[in-house]
Amino acid sequence: MSERDLAPRNARDRLIVALDVPTVAEAQDLTGKLGDSVSFYKIGMQLVFAGGLPLIGALLEADKRIFLDMKLLDIDNTVEKGVASIAALGVTLTTIHAYPQAMQAAVKGRGQSGLGLLGVTVLTSMDDGDLKQTGYDHSAESLVEARAAAAHAIGMDGLVCAAQEAESVRAIVGRDTLIVTPGIRPAGSATGDQKRVVTPADAIRAGSDYLVVGRPVNQAADPVAAAEQIVAEIETAL
């Protein structure tokens, strides 16, 4: 990771606002409102499949950083070629489900580009009961730790995990590996479909580098005020 420009530059840069909206027009409106209050955006499947890939170029021109959250998992060749195509877009981060073969293919596809690769450990919408239903004989915590160790050994740049696991993951991967945490909810926010949620300050104290926040910002009556509140919480924890 040290050869890539992936580390947070300041407290504001640690906030990644998820553009989880149904249309490109809504994403453009939201980024226009947020202006300089946000420097990093996540573009995921909802917006990509709504025609949002060209928005990446516009945001890069506005000096924003992009986390393209595609959660790739496929045969090795497909992952390798897909990651190579993502690297050519100029985004900062993308995601791979933390299966060893997929991660190895992603590292190969990334090559010498500046793209940062994040292994998705266990989705924050899943708990121990959900894992049992899908056939895993692991707790969420133990599966996160096993996948974190594998990702670190393979050469991934970081991991996506819930803040509850950030401290144990940090002990496994050290300081030179990014920890990106979704499921962030400022105090008083609704949890929605997330099951393992924490506040921004608690996540930073637990060892997270970047916080992904969607609905508390993009559904706020005043998105700028919501973003500024989260940045202020982050600053108190640094």
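Structural data are supplied above this passage.
Anyway, here's the lowdown on the structure attached to this text. Model, not experiment: these values are computed from the prediction. (Residues numbered from 1 in each chain as written. Predicted model: local features only at pLDDT ≥ 70, side-chain atom pairs only at ≥ 80, totals over all residues. Heavy atoms only, no water.)

## Quick look at the sheet that holds strand β8 (residues 210-213)
Pairing within the closed barrel is parallel, and its eight strands lie in the order β1-β2-β3-β4-β5-β6-β7-β8. Recorded for the sheet is a direction-independent mean angle of 25 degrees between the axes of neighbouring strands. Note that strand β4 (residues 93-97) and strand β5 (residues 116-120) share five bridges and pair parallel. Note that in β5 the partner of threonine 95 across the bridge is leucine 118. (Pairing = 2+ DSSP bridges. Helix = DSSP H or I, 4+ residues; strand = E, 2+ residues; numbered from the N terminus. Axes fitted to C-alpha atoms, helices over the stretch in contact; angles between N-to-C directions.)

## Things to note about helix α8 (residues 163-173)
Turning to α8, its buried residues are Ala163, Glu165, Ala166, Val169, Arg170 and Val173. Considered in projection along α8, the buried side chains sweep an arc of 145 degrees and stay on one side of the axis. For α8, the exposed residues set more than 90 degrees away from the buried face come down to Glu167 and Ala171. Contacts made by the buried residues of α8 are with α7 (140-154), β6 (158-160), β7 (178-181) and α9 (200-206). (Buried < 20%, exposed > 50% of the residue type's maximum accessible area, 1.4 Å probe, protein only. Arc of directions from axis to C-beta. Contact = heavy atoms within 4.5 Å.)

## Some details on the packing of α7 against α8
Contact pair α7 / α8: the axes reach a minimum separation of 9 Å and the direction vectors enclose 30 degrees. With respect to each other, α7 and α8 are oriented roughly parallel. Between α7 and α8 lies a crossing of right-handed hand. Contact with α7, carried on its side by Glu141, Val144, Glu145, Ala148, Ala149 and His152, involves Glu165, Ser168, Val169, Ile172 and Val173 of α8 and no other residues of that element. Grouping the constituent residues of the contact of α7 with α8 by class yields six nonpolar, two polar and three charged. (Parallel < 35°, antiparallel > 145°, perpendicular 65-115°, else oblique. Left-handed = near helix turned anticlockwise from the far one by under 90°. Nonpolar A, V, L, I, M, F, W, Y, C, P; charged D, E, K, R; others polar.)

## Brief notes about the pattern of salt bridges
Working definition: two side chains of opposite charge can pair if their charged atoms are close together. Evaluated as defined, the whole model comprises 13 salt bridges. Of the charged contacts, one joins aspartate 29 and lysine 33 as a salt bridge, the two residues approaching to 3.3 Å between their closest N and O atoms. Note that aspartate 29 and lysine 33 are positioned in helix α1 (residues 24-34) at a spacing of four residues, about one turn of the helix. According to the relative accessible area criterion, aspartate 29 is partly exposed, its value standing at 41%. Across the pair lysine 81 and glutamate 80 runs a salt bridge, and its minimum N-O distance is 4.0 Å. Here lysine 81 falls in the partly exposed class, since its relative accessible area comes to 48%. We classify glutamate 80 as buried; its relative accessible area is 16%. Shared partners join several salt bridges into a network, and the residues in it are Asp20, Lys42, Asp69 and Lys71. (Salt bridge = Lys/Arg side-chain N within 4 Å of Asp/Glu carboxyl O.)

## Notes on the packing of helix α4 (residues 76-89) against helix α5 (residues 100-110)
In contact at an axis separation of 7 Å, α4 and α5 are set at 40 degrees when each is read in the N-to-C sense. For the element pair α4 and α5, the recorded crossing hand is right-handed. Residues Asp76, Val79, Glu80, Val83 and Ala84 of α4 form the contact with α5, whose participating residues are Gln101, Ala102, Ala105, Ala106, Lys108, Gly109 and Arg110. Split into classes, the residues belonging to the contact of α4 with α5 amount to six nonpolar, two polar and four charged.

## A closer look at the packing of aromatic side chains
Applying the stated rule across the entire model yields one aromatic pair. Seen in terms of ring centroids, phenylalanine 40 and tyrosine 210 are 5.3 Å apart; in terms of plane orientation they differ by 80 degrees. Their pairing is edge-to-face. In this pair, phenylalanine 40 is assigned in strand β2 (residues 40-43) and tyrosine 210 in strand β8, connecting sequence segments 170 residues apart. Residue phenylalanine 40 shares its accessibility class with tyrosine 210, and that shared class is buried. Between the NZ or CZ atom of arginine 147 and the centre of the ring of tyrosine 99, over which it lies, the distance is 4.8 Å. (Phe/Tyr/Trp six-rings, centres within 6.5 Å; stacked < 30°, edge-to-face > 60°. Lys NZ or Arg CZ within 6 Å of the ring centre and 35° of its normal.)

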